[in-house]
Amino acid sequence: MNTPALLQELARQVRERTLQVFRAAPGAALLWAPPGTQNHILWHAGHAVWLMDVLGVALLTGQRSLPPSWDETFGMRCRPPAQTRQWPDRAQLEQHLEEQLLHYLHLLEQVPPQRWQLPSDPARARHSLMGQLLHGLHDEACHSGEMYLLLKQWRRRSQS
């Protein structure tokens, strides 16, 4: 399997898992966070969009596609979610997740073969385009797992 096809399949699997958990969450669970934590399912889903913008779209095109307000709400150094009063609604965020994936898959097809070259020094491979794109997808996969755990905790809490 060639590099773009491999990354496309990985991106599909990671994003589909994010969407699966996001869609499974009842509305009341989206903004719930257990005591002692800050991030909730909706934040993790928005962070997945932010991650693919920074560690995907921007790496492939040289420019970001999300408005700067996403950095404040979903970025790596965002304000605490408890201080955010306006969140995108569920349908809007789901649409971002779906459309961004399609855009990302298309961008991967456009990458010239020479950009996939890995450095001769294996220690520098993580700084290559492939290494950075894999880092972004790995990060989203971790956040998808956090979403799943939050949903599981919310369900347990709701049943007791």
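Residues numbered from 1 in each chain as written. Predicted model: local features only at pLDDT ≥ 70, side-chain atom pairs only at ≥ 80, totals over all residues. Heavy atoms only, no water.

### Some details on the confidence of the model for the protein
Mean pLDDT over the protein stands at 93; residues scoring 70 or higher make up 99%. Confidence scores differ between elements of the protein, with helix 3 (residues 69–74) showing the lowest mean pLDDT of 91 and helix 4 (residues 90–109) the highest of 97. (pLDDT = per-residue confidence, 0-100. Helix = DSSP H or I, 4+ residues; strand = E, 2+ residues; numbered from the N terminus.)

### Some remarks on empty space enclosed by the protein
In this structure the tally under the stated criterion is 1 cavity of 30 Å³ or more. Empty space within the largest cavity amounts to approximately 40 Å³. Lining the largest cavity, in full, are Ala48, Leu51, Met52, Leu55, Tyr104, Leu133, Gly136, Leu137 and Glu140. Listing elements by their share of the lining of the largest cavity, those giving two or more residues are helix 2 (41–61) and helix 5 (129–159). (1 Å grid on protein atoms, 1.4 Å probe; cavity = no way out; pocket = protein on both sides within 12 Å on 5 of 7 lines; lining within 4 Å. Points joined across faces, edges and corners; volume = space filled by probe spheres on them.)

### Focus: the packing of helix 2 against helix 5
Interaxial distance between helix 2 and helix 5 falls to 9 Å at its minimum, and their mutual angle equals 175°. Classified by the angle between their axes, helix 2 and helix 5 sit roughly antiparallel to one another. Taken together, the residues that form the contact of helix 2 with helix 5 break down as 15 nonpolar, 7 polar and 3 charged. (Axes fitted to C-alpha atoms, helices over the stretch in contact; angles between N-to-C directions. Parallel < 35°, antiparallel > 145°, perpendicular 65-115°, else oblique. Nonpolar A, V, L, I, M, F, W, Y, C, P; charged D, E, K, R; others polar.)

### Re the packing of aromatic side chains
Scanning the model with the defined rule gives 2 aromatic pairs in all. Ring geometry for Trp70 and Phe74: centres 4.8 Å apart, planes at 40°, overall tilted. With Trp70 and Phe74 both in helix 3 and 4 residues apart, this pair spans about one turn of that helix. Classification of Phe74 as buried rests on a relative accessible area of 1%. (Phe/Tyr/Trp six-rings, centres within 6.5 Å; stacked < 30°, edge-to-face > 60°. Buried < 20%, exposed > 50% of the residue type's maximum accessible area, 1.4 Å probe, protein only.)

### Quick look at the pattern of salt bridges
Taken as a whole and judged by the stated rule, the model has 7 salt bridges. We note a salt bridge from Arg12 to Glu9, for which the minimum N-O separation is 3.5 Å. Placement of both Arg12 and Glu9 in helix 1 (residues 3–24) is noted, with a separation of 3 residues, approximately one turn of the helix. Relative accessible area serves as the criterion here: at 35%, Arg12 is assigned to the partly exposed category. Two residues, Glu94 and Arg23, come together in a salt bridge whose shortest N-O distance is 2.7 Å. Taken as a pair, Glu94 in helix 4 and Arg23 in helix 1 lie far apart in primary sequence, 71 residues in all. Overlapping salt bridges, with partners in common, bring together Arg23, Glu94 and Glu98 in one network. (Salt bridge = Lys/Arg side-chain N within 4 Å of Asp/Glu carboxyl O.)

### Details of the nonpolar core
In terms of nonpolar packing, the biggest core is built from 27 residues, with Phe22, Ile41, Phe74, Leu93 and Leu97 touching the most fellow members. Contributions of two or more residues to this core are made by helix 1, helix 2, helix 3, helix 4 and helix 5. Per element, the largest residue contribution to this core is 9 residues, and it comes from helix 2. Each residue touching Ile41, except ones within four places of it in the same chain, is listed here: Phe22, Ala25, Ala29, Leu30, Trp32, Met147, Leu150 and Leu151. Counting 16 residues, the second largest nonpolar core, distinct from the first, contains Leu7, Leu60, Met130 and Leu137. (Core = buried A, V, L, I, M, F, W, Y, C linked by side-chain atoms within 4.5 Å. Contact = heavy atoms within 4.5 Å.)

### Focus on the side chain of Gln8
Residue placement: Gln8 occurs in helix 1. Side-chain polar atoms of Gln8 contact the side chain of Glu109, separated by 3.4 Å. If we skip the residues at most four places from it in the chain, Gln8 touches Leu105, Leu108 and Glu109. (Polar contact = N/O pair within 3.5 Å; in protein donor to acceptor, adjacent residues only side chain to side chain.)

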